[in-house]
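The chain contents come next:
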Amino acid sequence: MDHSLFRALTQLGDDSLILGQRLCEWCGHAPTIEVDLGLSNLALDLIGQATLLLDYAGEVEGGGRDADALAFHRNAEQFANCLLAEQPNGDFARTVVRHLFFATYASALYEALAASPDARLAEIAAKAVKELRYHADFAADWAERLGDGTEESRARMAEALDWHWRFVNDLFHDDRDWAACAARGLVPLRQSLRYGFERDVSAILERAGLALPRKVWPIVGGRSGQHSEHLSVLLATMQVLPRAHPEAVW
Amino acid sequence: MYDWPLWEVFIRARGGLDHRHAGSVHAPDAHMALRHARDTYTRRLEGVSIWVVRSSDIVASDPAQDGAMFEPAASKIYRHPTFYVLPEAVDHM
């Protein structure tokens, strides 16, 4: 088994799966019906990407697991998503900032992955990058409007930036498996995308009258399964049905 | 949210067809109205082009005046070109 490729694909798939599940929690609770649908669309894009990536991961693993088996029958410490993806939705500003950070990172990453010599990964990435560019635009639009909105929306955005900034180091962390795939030219090093990320996000925030925090948070751990306490709760909701009825089918 | 204006949404289903009214969305500005229209009305590949227009910018006829507005046309069936026999070749124009 190509262990490092399996792990890299799991990291990608888990990011999409966990963030998609988080966004699903907005269904029926968003500020308006239009935003509700918009967030659900983002969630469904992500879950679609997760299905393709985790199915491929299961094939690389060669143990007969598919996307469903990986999504529903692993425990928190076996998930390799970034810490940012699992953070609770919070208020709308927190959801917007989380998505701004994630989609800006992911659209640059998938653009590079679309040129991967791994044809299967390149194919998945080519589809995903179109979706993720829309996600980045969606989040940027809201970031601008909330930052440049009322005193309250601006304060909430500043708080959300401060909160999520601590997870950005983990978002760009190249663990051993990812670095091994990068050394083979299959994926780019995440660190190589960070300058562009900070430049793009800063430009958006500048238009919103906001700025990235300067403090450095050296937190990592998501890629190696060291998660915040929020992931187990999310998984309990997501996995309860397939765990209670493993043989159930639609 | 409650003070977001209403926008009417028009969608072109395929190249060559007209934009048709699909519904309406609330949005704070034109750009977001387009985004909301995309997310609300084209989730199932319904369109290739979207127009949005502020509902308040549409000038509409008054339903209370529909008698004067529309009834006079009812008695003028000769305006329908149905009294001609068309050659079969152009029958489906």
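Residues numbered from 1 in each chain as written. Chains lettered and ligands numbered in written order. Predicted model: local features only at pLDDT ≥ 70, side-chain atom pairs only at ≥ 80, totals over all residues.

### Describing the overall build of chain B
Across its full length, chain B carries two helices and three strands. Listed N to C, the secondary structure of chain B is β-β-α-β-α in terms of helices and strands. For 93 residues, the compact-globule estimate of 2.2 N^0.38 gives 12 Å, and the C-alpha radius of gyration of chain B, at 19 Å, exceeds that figure by more than 25%. Overall, the C-alpha framework of chain B stretches about 55 × 40 × 15 Å when taken along its three principal axes. For chain B, the residues scored as buried account for 15% of the 93 residues in total. (Helix = DSSP H or I, 4+ residues; strand = E, 2+ residues; numbered from the N terminus. Rg over C-alpha atoms; globule rule 2.2 N^0.38 Å. Buried ≥ 20, exposed ≤ 12 C-beta atoms within 10 Å, placed from the backbone.)

### Quick notes on the sheet that holds strand β1 (residues 6-12) of chain B
Residue and element names in this part refer to chain B. Strand order in the open sheet formed by three strands is β2-β1-β3, with antiparallel pairing between adjacent strands. In the strand order of this sheet, the two ends are held by β2 (19-26) and β3 (49-54), each with one partner. Adjacent strand axes in the sheet meet at a mean angle of 30° when their direction is disregarded. Where β1 meets β3, six bridges bridge the pair, whose relative direction is antiparallel. Counted as the bridge partner of Glu 8 is Val 53 from β3. Along the sheet, helix α1 (residues 30-41) makes contact with β1, β2 and β3, crossing β3 at roughly 130°. (Pairing = 2+ DSSP bridges. Axes fitted to C-alpha atoms, helices over the stretch in contact; angles between N-to-C directions. Contact = placed C-beta atoms within 7 Å.)

### Details of the interface of chain A and chain B
Contacts between the two partners involve nine residues from chain A, matched on the other side by 12 residues from chain B. Mapped by element, the contributors of at least two residues to the side of chain A that touches chain B are α2 (33-61) and α6 (119-147) of chain A. Element by element, the count of residues in the side of chain A that touches chain B is highest for α2 of chain A, at four residues. When the residues that make up the side of chain A that touches chain B are grouped by side-chain class, the tally is three nonpolar, three polar and three charged. (Nonpolar A, V, L, I, M, F, W, Y, C, P; charged D, E, K, R; others polar.)

### A closer look at helix α10 (residues 191-207) of chain A
Residue and element names in this part refer to chain A. With 17 residues, α10 extends 25 Å between its outermost C-alpha atoms, agreeing within 8% with the 24 Å of an ideal straight helix rising 1.5 Å per residue. Of all the positions in α10, only Leu 193, Phe 197, Val 201 and Leu 205 are classed as buried. At its buried positions, α10 is contacted by α5 (92-113) and α6. A positive phi of about 75° marks Gly 209, the residue just after α10. (Expected span 1.5 Å × (residues − 1).)

### Details of the pairing of β2 of chain B
Residue and element names in this part refer to chain B. With seven bridges joining them, β1 and β2 adopt antiparallel strand pairing. Within β2, the residue paired with Phe 10 across the bridge is His 21. Hairpin connection between β1 and β2: a loop of six residues separates the two successive antiparallel strands, and Gly 16 in this loop has a positive phi of roughly 95°.

### As for the environment of Glu 159 of chain A
In this fold, Glu 159 of chain A is placed in helix α7 (residues 151-165). Residues Glu 159 of chain A and Phe 72 of chain A lie 87 residues apart in sequence; the distance between their C-alpha atoms is 33 Å.

### A short note on the packing of α6 of chain A against α7 of chain A
Residue and element names in this part refer to chain A. Orientation of α6 relative to α7, taken along the N-to-C sense of each, is 125°, at an axis distance of 7 Å. Judged by the angle between their axes, α6 and α7 are oblique. In this structure, α6 contributes Ala 143, Leu 146 and Gly 147 to the contact, and α7 contributes Ser 153, Arg 154 and Met 157. The residue inventory of the contact of α6 with α7, partitioned by class, reads three nonpolar, two polar and one charged. (Parallel < 35°, antiparallel > 145°, perpendicular 65-115°, else oblique.)

### A word on the confidence of the model for chain B
On average, residues of chain B carry a pLDDT of 89, and 95% of them reach 70 or more. As scored by the predictor, the complex reaches a pTM of 0.89 and an ipTM of 0.77. (pLDDT = per-residue confidence, 0-100.)

### As for the environment of Leu 193 of chain A
Residues and elements named next belong to chain A. Turning to its location among the elements, Leu 193 is positioned in helix α10. Taking the C-alpha atoms as reference points, Leu 193 and Ala 112, 81 residues apart in sequence, are found 9.6 Å from one another. Among residues more than four places away in sequence, those in contact with Leu 193 are Tyr 105, Ala 108, Leu 109 and Pro 188.

### Digging into α5 of chain A
The end-to-end C-alpha separation of α5 of chain A is 30 Å, in line with the 32 Å expected for 22 residues at 1.5 Å each. Among the 22 residues in α5 of chain A, 19 count as buried, and that is most of the element.

### Comments concerning unusual backbone geometry
Of note in this structure, Leu 45 of chain B is not a glycine but carries a positive phi near 60°. Leu 45 of chain B gets classed as exposed once you count the C-beta atoms within 10 Å, which come to 7.

### Examining the packing of α2 of chain A against α1 of chain B
In the contact formed by α2 of chain A and α1 of chain B, the axes pass within 9 Å of each other and the chain directions differ by 65°. The orientation of α2 of chain A with respect to α1 of chain B, classified from their angle, is roughly perpendicular. The two elements α2 of chain A and α1 of chain B meet at a crossing, and its hand is left-handed. Here Glu 34, Leu 37, Gly 38 and Asn 41 of chain A of α2 of chain A lie close against α1 of chain B, whose contacting residues are His 36, Asp 39 and Thr 40 of chain B. (Left-handed = near helix turned anticlockwise from the far one by under 90°.)

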